[in-house]
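Here is how the chains run, residue by residue.
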Amino acid sequence: MNRGSEPVDADLEDARMRIYAIEDGAVRAQALAFALKSGLFEVLEKEPLTLTELSARLEIPMRVLPALAAFLASQDLLRLDDATGEFTNSPAASAFLVRSSDSYVGGRGLLFAGFHEAMGHLGESLASGQPWTDAGQHDMFGGFDGDDQRWFAEGMFSNAVHGGRALLRELDLSDVHRLLDVGGNAGGYSITLLQSLPHMEATLFDLPAIRPLAEEQIQRAGLRGRMRFAAGSFFDDPLPTGHDAILLASILHDWDNLDCGRILARCFDALTPGGLLIVTEPMLAEDATGPEHPSVSGLTMAVLGGENRTQSAISRMLEIAGFEHIRRLPMGHQNSTITARKPLFEPAARA
Ligand SMILES: C[S@@+](CC[C@H](N)C(=O)[O-])C[C@H]1O[C@@H](n2cnc3c(N)ncnc32)[C@H](O)[C@@H]1O
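Cut-off values and rules
Residues numbered from 1 in each chain as written. Predicted model: local features only at pLDDT ≥ 70, side-chain atom pairs only at ≥ 80, totals over all residues. Axes fitted to C-alpha atoms, helices over the stretch in contact; angles between N-to-C directions. Helix = DSSP H or I, 4+ residues; strand = E, 2+ residues; numbered from the N terminus. Parallel < 35°, antiparallel > 145°, perpendicular 65-115°, else oblique. Left-handed = near helix turned anticlockwise from the far one by under 90°. Contact = placed C-beta atoms within 7 Å. Nonpolar A, V, L, I, M, F, W, Y, C, P; charged D, E, K, R; others polar. Buried ≥ 20, exposed ≤ 12 C-beta atoms within 10 Å, placed from the backbone. Pairing = 2+ DSSP bridges. Core = buried A, V, L, I, M, F, W, Y, C linked by C-beta atoms within 7 Å.

### Here's the deal with the packing of helix α4 (residues 51-58) against helix α5 (residues 65-74)
Turning to step 1, where the next piece is worked out: Direction vectors running N to C along α4 and α5 enclose 110°, while the axes themselves pass 10 Å from each other. Classified by the angle their axes make, α4 and α5 are roughly perpendicular. Taken as a pair, α4 and α5 cross one another with a handedness that is right-handed. Here α4 contributes Leu51, Leu54 and Ser55 to the contact with α5, which in turn contributes Leu65, Pro66 and Ala69.
Turning to step 2, where the next piece is worked out: Looking at the contact of α4 with α5 residue by residue, the class counts come to five nonpolar, one polar and no charged.

Below, the structure written as structure tokens:
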């Protein structure tokens, strides 16, 4: 029988297309990053435009714009009005890719576009088990200059707002009055929490270079009275004290086990006795079957020098650092959360 005449197995055909999408991943990511940088989504948010008008407005040549528009439309990010020939943003693009939207996640796309050169070395990292570092850079943060910091902060911020909303859904934080957001960057988590929890104050602790970015966001959120920035390194400096909760959001996964131990020891020392530690970041299923987002982010961390861990691996670290009442919340498709408490009394006093 002529194989060409056999009916197509729809599941297998879907699988073939999924594999193609993985193979084309770099093209997809670069195209979205270009669209974000060009301002395309902001322009189309104001008014629908034909391709010719869009080409003139954004100075994107007509040789390439139809392919870009077709790709974005195929992902349901743009929609075409057949009657007028005009393109407009889809609801998803309006919600997530227009900078002024409070659900904006485009910063994350720009952040990852900045990692593409490093990601070209993923194969080496997977073969050697070692991170790939740029020009002898000790860690992924050490080599950032001003522009990199801004892209990174924007990417982190847009992602952190969604993380903060997830924390509000999964945790009762009514008992927390003073939060220390360790490695809090420009404050996406803390700002989101404080906006919903008027009784809470927060300190952002991060590297000195982050201060202007954080101050800008605190000011924009109108939270000057309830939020402050403290500069330092969690490897070299003691953390600010007097907080009844510490948040570690996407911090442990940046570092190896030894460095995680150093960070957790600082958190333990700084936290008020009985205080709450919240660890939230992408975590892998115990049996290494996913979820998709943490697994992809885990591959990113393989190149950059960190590691996405399982909930049991992180719980063990918290136990070793001296925390108790370790509670694993249900696994999330993006981040998962573990909480723990610093004992109310020193072990000797308890005995
Ligand atoms: C992956 S980001 C997480 C940011 C934020 N917690 C979030 O989830 O959006 C890691 C943060 O750790 C900060 N960081 C890196 N090294 C640090 C150090 N030695 N001391 C304090 N913060 C540091 C970075 O500047 C960055 O803001």
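Read on for the rest.
### Considering the pairing of strand β6 (residues 243-249)
Put simply, side chains in a regular strand alternate between the two faces of the sheet.
Turning to step 1, where the next piece is worked out: For β6, the tally of buried residues reaches six of seven residues, placing the bulk of the element in the interior.
Turning to step 2, where the next piece is worked out: As defined by bridge partners, strand β3 (residues 178-182) adjoins β6 across four bridges and the pair is classed as parallel. Its bridge partner being in β6, Leu179 is matched across the sheet by Ala245.
Turning to step 3, where the next piece is worked out: Bridging between β6 and strand β7 (residues 271-281) involves six bridges; their strand directions are parallel.

### Describing the sheet that holds β6
Turning to step 1, where the next piece is worked out: Taken in spatial order, the seven strands of this open sheet run β5-β4-β3-β6-β7-β9-β8, and their pairing is mixed. One side of each edge strand has no neighbouring strand; the edge strands of this open sheet are β5 (227-231) and β8 (324-328). Between one strand and the next, the sheet's axes are offset by a mean angle of 20°, whatever the strand orientation.
Turning to step 2, where the next piece is worked out: Pairing of β8 with strand β9 (residues 336-341), which is carried by three bridges, proceeds in the antiparallel orientation.

### Focus on the nonpolar core
Soluble, globular proteins show a tendency: their nonpolar side chains are buried together.
Turning to step 1, where the next piece is worked out: Residues Val182, Ile246, Leu247, Leu248, Cys267, Leu277 and Leu318 are the most contacted members of the largest nonpolar core, which totals 56 residues.
Turning to step 2, where the next piece is worked out: In terms of residue count, helix α10 (residues 146-170) provides more of this core than any other element does, seven residues in total.
Turning to step 3, where the next piece is worked out: Once residues within four sequence positions are removed from consideration, Ile246 is found in contact with Leu180, Val182, Cys267, Ala270, Leu271, Gly275 and Leu277.
Turning to step 4, where the next piece is worked out: If you look at the next biggest cluster of nonpolar residues, it comprises 19 residues, including Phe41, Leu49, Leu54 and Tyr104.

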